[in-house]
Amino acid sequence: FFGFVQVITYTILVMQQKLYAEALVNVFYFVTMIIGLISWLSNYNSEESEVEARALSAKGWIISAMAFVLCTIGSYFILRATNDTQPFMDAVSAIPAFIAQILMITRYREQWAYWLVVNITTLIVWINVKDWCMIALYVFWIINCFYGYVKWSK
């Protein structure tokens, strides 16, 4: 429930800042949270109260990294053609968010590396806007990435 509220309120906030890729990512989050919930429930280990995590292969890393680079470049040029206020940073934060969300739904622990990229670049976006509440939130989420990776790697 809280995830859905967060997605809706954050989408409104980023639309006000004209960060269109961030808004699109949050629409994607809204839809994929439902899919993720179903996936996680079907892979839940009730004895340990955890979802069973998986690890990406070397091929998976290469594919996800290539998708990150190519889609980021394409997104930058699309966003540059709009009135997006930070097209490069918006592209660099949005594309790994799509990848991280897909990896999270499919229970790969490497999602945390992509979430770290998302959170660091989005932190820079909010520093540029000088929104101190969002800066604090993203600092917290950066710390959470390290915690999540350790927890999912056990």
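Residues numbered from 1 in each chain as written. Predicted model: local features only at pLDDT ≥ 70, side-chain atom pairs only at ≥ 80, totals over all residues. Heavy atoms only, no water.

Some points on a nonpolar patch on the surface
Then, number 1: A cluster of nonpolar side chains, Ile-62, Met-66, Val-69, Leu-70, Ile-73 and Phe-77, forms an exposed patch at the surface whose accessible area comes to about 590 Å².
Then, number 2: Mapping Leu-70 onto the fold places it in helix α3 (residues 58-80). (Patch = residues over 30% accessible without salt bridge, like charges linked within 9 Å, V, L, I, M, F, W, Y side chains within 5 Å. Areas by Shrake-Rupley, 256 points an atom, 1.4 Å probe, with all protein chains shown as cover. Salt bridge = Lys/Arg side-chain N within 4 Å of Asp/Glu carboxyl O. Helix = DSSP H or I, 4+ residues; strand = E, 2+ residues; numbered from the N terminus.)

Considering the packing of helix α5 (residues 111-129) against helix α6 (residues 132-152)
Then, number 1: Between α5 and α6, whose axes approach to 9 Å, the crossing angle comes to 170 degrees. As far as their axial angle goes, α6 and α5 are roughly antiparallel. In contact with Gln-111, Trp-112, Trp-115, Leu-116, Asn-119, Ile-120, Thr-122, Leu-123, Trp-126 and Ile-127 of α5, α6 contributes Met-134, Ile-135, Tyr-138, Val-139, Trp-141, Ile-142, Asn-144, Cys-145, Phe-146, Gly-148, Tyr-149 and Trp-152.
Then, number 2: Within the contact of α5 with α6, the residues separate by chemical class into 17 nonpolar, five polar and no charged. (Axes fitted to C-alpha atoms, helices over the stretch in contact; angles between N-to-C directions. Parallel < 35°, antiparallel > 145°, perpendicular 65-115°, else oblique. Contact = heavy atoms within 4.5 Å. Nonpolar A, V, L, I, M, F, W, Y, C, P; charged D, E, K, R; others polar.)

What to know about the pattern of salt bridges
Then, number 1: The full count for this structure, using the stated rule, is one salt bridge.
Then, number 2: Note that Glu-110 and Arg-109 form a salt bridge whose closest N and O atoms lie 3.8 Å from each other.
Then, number 3: Assessed through its relative accessible area of 5%, Glu-110 is described here as buried. (Buried < 20%, exposed > 50% of the residue type's maximum accessible area, 1.4 Å probe, protein only.)

Brief notes about the nonpolar core
Then, number 1: Val-25, Tyr-29, Ala-97, Leu-103 and Trp-115 are the most contacted members of the largest nonpolar core, which totals 21 residues.
Then, number 2: Those elements that place two or more of their residues in this core are α2 (20-42), α4 (87-105), α5 and α6.
Then, number 3: Residue contributions to this core peak at eight residues, all from α4.
Then, number 4: Beyond its immediate sequence surroundings of up to four residues, Trp-115 is in contact with Tyr-29, Ala-97, Ala-100, Gln-101, Met-104 and Cys-145.
Then, number 5: Core analysis: the second largest hydrophobic core is formed by 12 residues, Tyr-10, Met-134, Ile-135 and Tyr-138 among them. (Core = buried A, V, L, I, M, F, W, Y, C linked by side-chain atoms within 4.5 Å.)

Points about helix α1 (residues 2-16)
Then, number 1: In a regular helix each residue adds 1.5 Å, so 15 residues correspond to 21 Å; α1 covers 21 Å between its end C-alpha atoms and thus fits that length.
Then, number 2: Taken together, the buried positions of α1 are occupied by Val-7, Tyr-10, Thr-11 and Val-14. Seen along its axis, α1 keeps its buried residues to an arc of 110 degrees; they face one direction. Projecting away from the buried face of α1 at angles above 90 degrees are the exposed residues Phe-2 and Gln-16. (Expected span 1.5 Å × (residues − 1). Arc of directions from axis to C-beta.)

Here we look at unusual backbone geometry
Then, number 1: Look at Lys-18: it is not a glycine, yet its phi comes out positive at around 60 degrees.
Then, number 2: As for its placement among the helices and strands, Lys-18 is situated in the loop between α1 and α2.
Then, number 3: Judged by relative accessible area, Lys-18 falls into the partly exposed class, the value being 36%.
Then, number 4: The backbone phi angle of Arg-107 is positive, close to 70 degrees, even though this residue is not glycine.
Then, number 5: Along the polypeptide, Arg-107 turns up in the loop between α4 and α5.

As for the packing of aromatic side chains
We describe a pair of aromatic rings using the distance from one ring centre to the other and the angle between the two ring planes.
Then, number 1: Under the definition given, this model contains 12 aromatic pairs.
Then, number 2: Note on Tyr-10 and Tyr-138: the rings are 6.4 Å apart at their centroids and 50 degrees apart in plane angle, and the pair reads as tilted. Of this pair, Tyr-10 sits in helix α1 while Tyr-138 sits in helix α6, placing them 128 residues apart in sequence. Neither residue differs from the other here; Tyr-10 and Tyr-138 are each classed as buried.
Then, number 3: Ring centres of Tyr-76 and Phe-77 lie 5.2 Å apart, and the angle between their planes is 65 degrees; this geometry places the pair in the edge-to-face category.
Then, number 4: Residue classification places Phe-77 among the partly exposed positions, given a relative accessible area of 45%.
Then, number 5: Three or more aromatic residues link up through ring pairs in this structure, and these residues are Tyr-10, Trp-126, Tyr-138 and Trp-141. (Phe/Tyr/Trp six-rings, centres within 6.5 Å; stacked < 30°, edge-to-face > 60°.)

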